[in-house]
Amino acid sequence: MNTIQSDEPLLQVHNVTRYYGDRVGCLDVSFDLWPGEVLAIVGESGSGKTTLLNCLSTRLAPTAGAIEYRMRDGAMRNLYQLTEAERRLLMRTDWGFVHQNAADGLRMNVSAGANVGERLMAVGQRHYGNIRSTADDWLGRVEIESDRIDDDPRSFSGGMRQRLQIARNLVTHPRLVFMDEPTGGLDVSVQARLLDLLRRLVSDLGLSVVIVTHDLAVARLLSHRIMVMRQGYVIEAGLTDQVLDDPREPYSQLLVSSILQV
Amino acid sequence: MNDTAQIYDQGEYNFAYLDEQTKRMIRRAILKGIAIPGYQVPFASREMPMPYGWGTGGVQVTAAVLGKDDCLKMIDQGSDDTTNAVSLRGFFEKTAGVRTTYETSEATVIQTRHRIPEKTLTEDQILVFQVPIPEPLRFLEPRETETRKMHALEDYGLMHVKLYEDIAKNGHIATTYAYPVKVNDRYVMDPSPTPKFDNPKIDEMAALQLYGAGREKRIYAIPPYTKVKSLDFEDYPFEVQKFDKPCALCGAENVYLDEVILDDRGGRMFVCSDSDHCEERRAQGHTGPMAANPAAAQITEKNQRETTR
């Protein structure tokens, strides 16, 4: 499935811990992520999934632990020792972040084309025609019609907004994308289309993805590996099919068995 | 500027209204602004005896740089004799007692509201701008903490998003005033709401430019001979407004024109926005298509002489 061959991990997470005062966000989480790999983090609400994701994506400094990322030049760098300028450049070139609520990740008062083109302009592209045709191309890839390019995302449906957000993130060909419940709040048929689209893009582009979801079906469809979190700890990790078909921990068993069978 | 500090009788204003400590504070901000062209320096803006929006920032900057021997010119939208210019000129006549003028070439300090004189400024002149909103990123990013960070990190992609939107919606860059510029290849700056027609004049200008925003408590500056580039796209380059007719009174071309409505049947004329420039040209004998016949002026004068007699 993945096109990039590498023996070296893209992201290394060492004992990441985050406290909110006395309360626990996430505790002692360690894992490696390889290029082209999709990792799902599942668990119930309040289990620390989003805290962990925010720590990984430098949006929230962990209380303890280290996160290293392999930069494009091949060197491993500790994310929290980068300068703010380097972190920002990373966020808008090499990384993407797809929010659960598309309005958080989009500029709602500028057109769809400008939303997709913003990253290009941020990294120095100054040719209107090229920016526009790239934006148009990306809208096509996420199945938004060309004639919507000058419309505000406010006039888009929930599913379209989410797809626009994905296009906006992928336009600079990032290597790592973080997703926080990308299908949350969408109805089931729209979810299915979005998952299809995501699966295709991820495999076409060889993306590494860390996806947070409480929906095991999403994890099953998209991810190669899965981590089950509970009360801040990672209680079980492994290949997705293995964990979902044969969960070891009692809590994982509960989680898997609580899926409604239609 | 020690000559401004002196003992005053009770009830008299200190020179140029502000006390000397305040002027020192503002001068420090100005010096910092000059050292970092285009950077918005916060300063402790004072309450002035006029409402915000009347140029309290510009007035404070002018008060801080003004000396006894200076000659002051006040411009409001290019004109010397409209409300704002008249009031502020009166303010400094009263509180500083400096010489004032309408003539651009005679002035040493020019405070302006939204225009730059058509006549090329020289090295011994200071141009002070009144700025309502100094932050060029404000309408794109409402958080001040975030815009400061964006300036610090030179994260200016958002500015081009605005220009992109302009082209997408209007087919061309429709921003006509407060057109964003990049100063000295570093800071993106709002040149106050001057028409973009004036942007090329800011570039490599011989005079010192000071920008004061009173309500927003910011001062910024462009030292003489500094590179100032108007932002644009490669395929949509920056261009200034063009007027298809010359000034109706003095016949000047390649100047910024104001529209004057003449009646309620669509009658209008376009005249120089810079009133001093227009008058000077007319004095030199240039006339535009709608200028009054000089003979008419002579008749009026004759009539007046006869009535007074």
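Quick caveat: nothing in here was measured; it's all calculated off a predicted structure.

## Examining the layout of surface pockets
In this structure, the largest pocket spans a volume of roughly 1200 Å³. The wall of the largest pocket is formed by 34 residues, among which Met91, Arg107, Glu118 and Arg168 of chain A together with Glu146 of chain B lie closest to the centre. Of all elements in the fold, only helix H2 (84-93), strand E6 (95-98), helix H3 (102-105), helix H4 (112-122) and helix H6 (158-170) of chain A together with helix H4 (144-152) and helix H5 (157-170) of chain B reach the threshold of two or more residues within the lining of the largest pocket. It is H2 of chain A that contributes the most residues to the lining of the largest pocket, five residues altogether. Class assignment for the residues of the lining of the largest pocket results in 11 nonpolar, eight polar and 15 charged. Space inside the second largest pocket adds up to approximately 330 Å³. Around the second largest pocket, the lining comprises 16 residues; the ones closest to its centre are Phe139, Lys162, Tyr177, Ala178 and Asp190 of chain B. Its residues assigned to classes, the lining of the second largest pocket comprises 11 nonpolar, two polar and three charged.

## Overview of a nonpolar patch on the surface
Residue and element names in this part refer to chain B. Residues Val260, Leu262 and Met290 make up a contiguous nonpolar surface patch of about 240 Å² in total accessible area. Mapped onto the secondary structure, Leu262 falls in the loop between strand E11 (257-261) and strand E12 (268-272). Its relative accessible area of 44% is what places Leu262 among the partly exposed residues.

## Remarks on the confidence of the model for chain B
Scored by pLDDT, chain B comes out at a mean of 91, with 91% of its residues at no less than 70. Interface predicted TM-score (ipTM) for the complex: 0.85; the corresponding pTM is 0.84.

## Quick word on H4 of chain A
Among the 11 residues of H4 of chain A, 10 are classified as buried, and the element is accordingly described as predominantly covered. Within the span of H4 of chain A, buried status applies to Ala112, Gly113, Ala114, Asn115, Val116, Gly117, Glu118, Arg119, Leu120 and Met121 of chain A. Buried residues along H4 of chain A sit in contact with H2, E6, helix H5 (128-141) and H6 of chain A together with H5 of chain B. Taken from the residues just after H4 of chain A, Gly124 of chain A is the one with a positive phi, measuring 110°.

## A look at the interface of chain B and chain A
You'll often see interface size given as the accessible area lost when the parts meet. Each partner contributes to the interface: chain B provides 21 residues, whereas chain A provides 22 residues. When the two sides are added together, the surface that chain B and chain A hide from each other amounts to roughly 1900 Å², 58% of it contributed by carbon and sulfur. The largest contributions to the chain B side of the interface with chain A come from Leu153, Val161 and Tyr164 of chain B, which together make up 30% of the buried area. The tally of links from chain B across to chain A stands at five salt bridges. Here Lys149 of chain B and Glu84 of chain A are joined by a salt bridge, their closest N and O atoms 3.6 Å apart. The tally of links from chain B across to chain A stands at 11 residue pairs in polar contact (both at pLDDT 80 or more). When contributions to the side of chain B that touches chain A are tallied by element, the ones reaching two or more residues are H4 and H5 of chain B. Counting residues per element, the side of chain B that touches chain A draws most heavily on H5 of chain B, at nine residues.

## Re the pairing of E6 of chain A
Residues and elements named next belong to chain A. What you see with E6 is no split at all: Trp95 and Phe97 on one side and Gly96 and Val98 on the other are buried throughout. Direction of pairing for E6 relative to strand E7 (residues 176-180): parallel, over a ladder of four bridges. What sits directly across from Val98, in E7, is Met179.

## Describing the packing of helix H2 (residues 56-65) of chain B against helix H3 (residues 83-95) of chain B
All names here are of chain B. Direction vectors running N to C along H2 and H3 enclose 30°, while the axes themselves pass 12 Å from each other. As summarised for this structure, H2 and H3 are arranged roughly parallel, according to the angle between their axes. In the crossing of H2 with H3, the sense of the turn from one axis to the other is right-handed. The segment H2 lies against H3, with Val59, Thr62 and Ala63 engaging Leu88, Phe91 and Phe92.

## Regarding the state of the cysteines
Residue and element names in this part refer to chain B. Scanning the entire structure with this criterion turns up zero disulfides over all chains. A disulfide-free cysteine, Cys247 has its sulfur positioned 3.6 Å from the sulfur of Cys272, the nearest such atom. Relative accessible area serves as the criterion here: at 0%, Cys247 is assigned to the buried category.

## Focus: the packing of aromatic side chains
Residue and element names in this part refer to chain B. Applying the stated criterion across every chain, the model contains 16 aromatic pairs over all chains. Seen from their ring centres, Phe91 and Phe92 are 5.1 Å apart, and the 80° between their planes marks the pair as edge-to-face. The exposure classification of Phe91 matches that of Phe92, with both residues buried. Across from the ring centre of Tyr187, 4.2 Å away, lies the NZ or CZ of Arg186, which sits over that ring.

## Re the sheet that holds strand E10 (residues 228-230) of chain B
Residue and element names in this part refer to chain B. Spatial ordering of the open sheet is given by E7-E6-E10, a layout of three strands whose pairing is antiparallel. Of all strands in the sheet, those bounded by a partner on one side alone are strand E7 (187-189) and E10. Ignoring strand direction, the axes of neighbouring strands in this sheet form an average angle of 30°.

## Section: the nonpolar core
Counting 67 residues, the largest nonpolar core has Val116, Leu164, Ile166 and Ile211 of chain A together with Tyr164 and Phe233 of chain B as the members making the most contacts within it. The element contributing the most residues to this core is H5 of chain B, with seven residues. The contact partners of Tyr164 of chain B, leaving out residues within four places of it in the chain, are Ser111, Gly113, Ala114, Met121, Tyr128, Ile131, Arg132 and Ile149 of chain A together with Phe233 of chain B. In this structure, Val61, Ala85, Ile126 and Leu208 of chain B belong to the second largest nonpolar core, which totals 32 residues.

Rules and cut-offs
- Residues numbered from 1 in each chain as written.
- Chains lettered and ligands numbered in written order.
- Predicted model: local features only at pLDDT ≥ 70, side-chain atom pairs only at ≥ 80, totals over all residues.
- Heavy atoms only, no water.
- 1 Å grid on protein atoms, 1.4 Å probe; cavity = no way out; pocket = protein on both sides within 12 Å on 5 of 7 lines; lining within 4 Å.
- Points joined across faces, edges and corners; volume = space filled by probe spheres on them.
- Helix = DSSP H or I, 4+ residues; strand = E, 2+ residues; numbered from the N terminus.
- Nonpolar A, V, L, I, M, F, W, Y, C, P; charged D, E, K, R; others polar.
- Patch = residues over 30% accessible without salt bridge, like charges linked within 9 Å, V, L, I, M, F, W, Y side chains within 5 Å.
- Areas by Shrake-Rupley, 256 points an atom, 1.4 Å probe, with all protein chains shown as cover.
- Salt bridge = Lys/Arg side-chain N within 4 Å of Asp/Glu carboxyl O.
- Buried < 20%, exposed > 50% of the residue type's maximum accessible area, 1.4 Å probe, protein only.
- pLDDT = per-residue confidence, 0-100.
- Contact = heavy atoms within 4.5 Å.
- Buried area = accessible area lost by both parts, 1.4 Å probe.
- Polar contact = N/O pair within 3.5 Å; in protein donor to acceptor, adjacent residues only side chain to side chain.
- Pairing = 2+ DSSP bridges.
- Axes fitted to C-alpha atoms, helices over the stretch in contact; angles between N-to-C directions.
- Parallel < 35°, antiparallel > 145°, perpendicular 65-115°, else oblique.
- Left-handed = near helix turned anticlockwise from the far one by under 90°.
- Disulfide = S-S within 2.5 Å.
- Phe/Tyr/Trp six-rings, centres within 6.5 Å; stacked < 30°, edge-to-face > 60°.
- Lys NZ or Arg CZ within 6 Å of the ring centre and 35° of its normal.
- Core = buried A, V, L, I, M, F, W, Y, C linked by side-chain atoms within 4.5 Å.

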